[in-house]
Each structure stands twice: as C-alpha cells, then as structure tokens.
Amino acid sequence: MRVKSRERDGVTILDLSGDITIGQGDVELRKEISELIFNEKKKIILNLRKVDFIDSSGIGEIVRSLTTIQKNGGILKLLHLEAKVRDLFTITRLITVFETFENEKDAVDSFN
Amino acid sequence: MSQANSSPIPCETVETLLVELNIPSDMDLVNMVVDLGTSMIGLKGFSADDVSALRFAIHETMVNAILYGNKDKPDARVNIKFYLKGDCFYTDIEDEGTGFDPDLLADPTAPENLLNVHGRGIFLVKNLTEDFKVKKLPEKGVRVTFCRLKRLER
C-alpha cells in the first residue's frame, strides 16, 4: 500500500492506494495515523479511491484508526468507497459507523 | 461483490477437478493461490463480482489456514483444491490445525463488537459464498469448503 498525505482547508487527506492487507498495508496505515496524532491533526479523511483490495485485517485497521483518532479528540471520515469495499462495509455494518462521502469537497466542507 | 445465501444450494453432484496444490505454509504464497483461483473462476465465465468475492474468500481462508490453523509453522502444509459442480465453483483449503466452530464465532455486527479490530474474516467469507463448511479430517487437520454460485453481473 502507498500513502500520500496532503492538506486541504485544514483537513488532512490520506490518499491510499494498492492493497490494505495483513502485514502490509495495515501496519503502514497504523504508522501514518500515529504520526498524524503526534502532529495533533484532528480532521482526517481516508481517500480509498485507489485501493484495489482490502482484507479483514485492513478493515480492522480502518476501525482502529477511527477509534484511535476519536480517543485523541479527532474525527475520521471516509472518501470514495469503491463498490467492492462498500459491500464489505455494508455486510459488516461498518457503514453505519463511518461517515462516508463520494465527493472530496463535500467531505472537507463537512468538517466546518 | 454481492452477498451470497448462507444455506446450501442444489449444485450438481458431479465434481470436475480443476487443480489441486499442496504447498508450504508460507504467507508469501497466498497471492499465488488467490491469483490461480481467481484466474480459473474468470476463465469459467463467472462475473467480475464473483471473482471479487472469491478473491476475498480465498485470501482470508489461506491466511486463516497459515496463521491460525498451522500457527505459522514453516514445516506445515496447506492443501488447496479448486473444482466445479455445475455452476458452483468450489474451493477446499486444508491445514494441519485443530479447527474451529464457525457457529461459535462472535457476531462482528453485534453492537458490542462493531468496533472490534478483529473477527470479521470468516464472517465475511460465509456471507460472500455458499455451502460454507468446516470439517475435521480423520487423521489430522481441518478442511474449509465454500463455493460461489455463478450469478449475473449487477
């Protein structure tokens, strides 16, 4: 998995690409979130548009990101859940836990 | 990647073996097995939706067999079989572990479990496939079986 971090109107957007799977993307995502928390970033979006494949460990890591960010007073939202990923979030009912967006501007504006 | 029915489906009983593999219990080989299974299901005329569901199911079951069944022991083996029964693409994955009862696993969609980091793998495999079974083998090991019924593209 590759992660690119950028800022838009005070919101940190992590553009994830590739696979988020056990022992690979999950560990990288955890490191990235720890770094954002260390840098006191509170408004975070995970952009999943270019995620090819996610397994149960990857899904678990996104849940861990949510709870870790919330515990530190921040907010996490998801952007561009492609159909296959959305199906997994629907079956596991995680779609009820995350705020999700299909448009980046809407996602950024929702923090204000 | 549409959800499947959890109940067994009336597939033809004639089994056509596509491939059988016996490989070391090595996480680096998971993608090879996934690629082989998804290539075969694609060649047999299954939809992209079916291929995605099978990709997830094979990946999760292989990881489960290597890390939990075989406890990541490098000298343990995993046996994989892909076969067709009518319009059903079957996968058997055997490890050398003691097995688990899928009915005893916690429901990850229950409110108290919803924010757990772990515990969604087998639940998702059961939801994305049909005829999911876990069987203890006579001498040692466990076989997980599931199939994907050919369906139309959404």
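Refer to the structure printed above.
A few points on the structure. Model, not experiment: these values are computed from the prediction.

For the rest of this paragraph, the subject is the overall build of chain B. Looking only at helices and strands, one finds three helices and five strands in chain B. Walking chain B from its N terminus toward its C terminus, one meets helices and strands in the order β-α-α-β-β-α-β-β. The C-alpha atoms of chain B give a radius of gyration of 15 Å, which matches the 15 Å a tight globule of 154 residues would have. Each principal axis of the C-alpha atoms in chain B carries an extent, and together these give about 40 × 35 × 30 Å. Looking at the 154 residues of chain B, the share that counts as buried comes to 49%. Within chain B, residue pairs in contact and separated by at least 24 positions form 69% of the contacts whose partners lie at least 6 positions apart. Working note: accessible area of chain B is about 7700 Å², and carbon and sulfur atoms make up 52% of it. Averaging the coordinates of the 18 positive side-chain charges in chain B and doing the same for the 24 negative ones gives two points 2 Å apart.

With that settled, the discussion passes to the sheet that holds strand β1 (residues 2-8) of chain A. Sheets are built from strands paired through backbone hydrogen bonds, the pairs being either parallel or antiparallel. Read across the open sheet, the five strands follow the order β1-β2-β3-β4-β5 (chain A); overall the sheet is mixed. The open sheet has two edge strands with one neighbour each: β1 and β5 (100-101) of chain A. One ladder, built from five bridges, connects strand β3 (residues 43-54) of chain A with strand β4 (residues 75-79) of chain A; its direction is parallel. Along β4 of chain A, the bridge assignment pairs L46 of chain A with L78 of chain A. On the sheet, helix α3 (residues 83-91) of chain A packs against β3, β4 and β5 of chain A and is oriented at approximately 110° with respect to β3 of chain A. With respect to the sheet, helix α2 (residues 48-69) of chain B is in contact with β2 (11-20) and β3 of chain A, its orientation differing from that of β3 of chain A by roughly 95°.

Rules and cut-offs
- Residues numbered from 1 in each chain as written.
- Chains lettered and ligands numbered in written order.
- Predicted model: local features only at pLDDT ≥ 70, side-chain atom pairs only at ≥ 80, totals over all residues.
- Heavy atoms only, no water.
- Helix = DSSP H or I, 4+ residues; strand = E, 2+ residues; numbered from the N terminus.
- Rg over C-alpha atoms; globule rule 2.2 N^0.38 Å.
- Buried < 20%, exposed > 50% of the residue type's maximum accessible area, 1.4 Å probe, protein only.
- Contact = heavy atoms within 4.5 Å.
- Areas by Shrake-Rupley, 256 points an atom, 1.4 Å probe, with all protein chains shown as cover.
- Lys, Arg positive; Asp, Glu negative; His and termini not counted.
- Charge placed at Lys NZ, Arg CZ, Asp CG, Glu CD.
- Pairing = 2+ DSSP bridges.
- Axes fitted to C-alpha atoms, helices over the stretch in contact; angles between N-to-C directions.

Keep in mind these numbers describe shape, not what the thing actually does.
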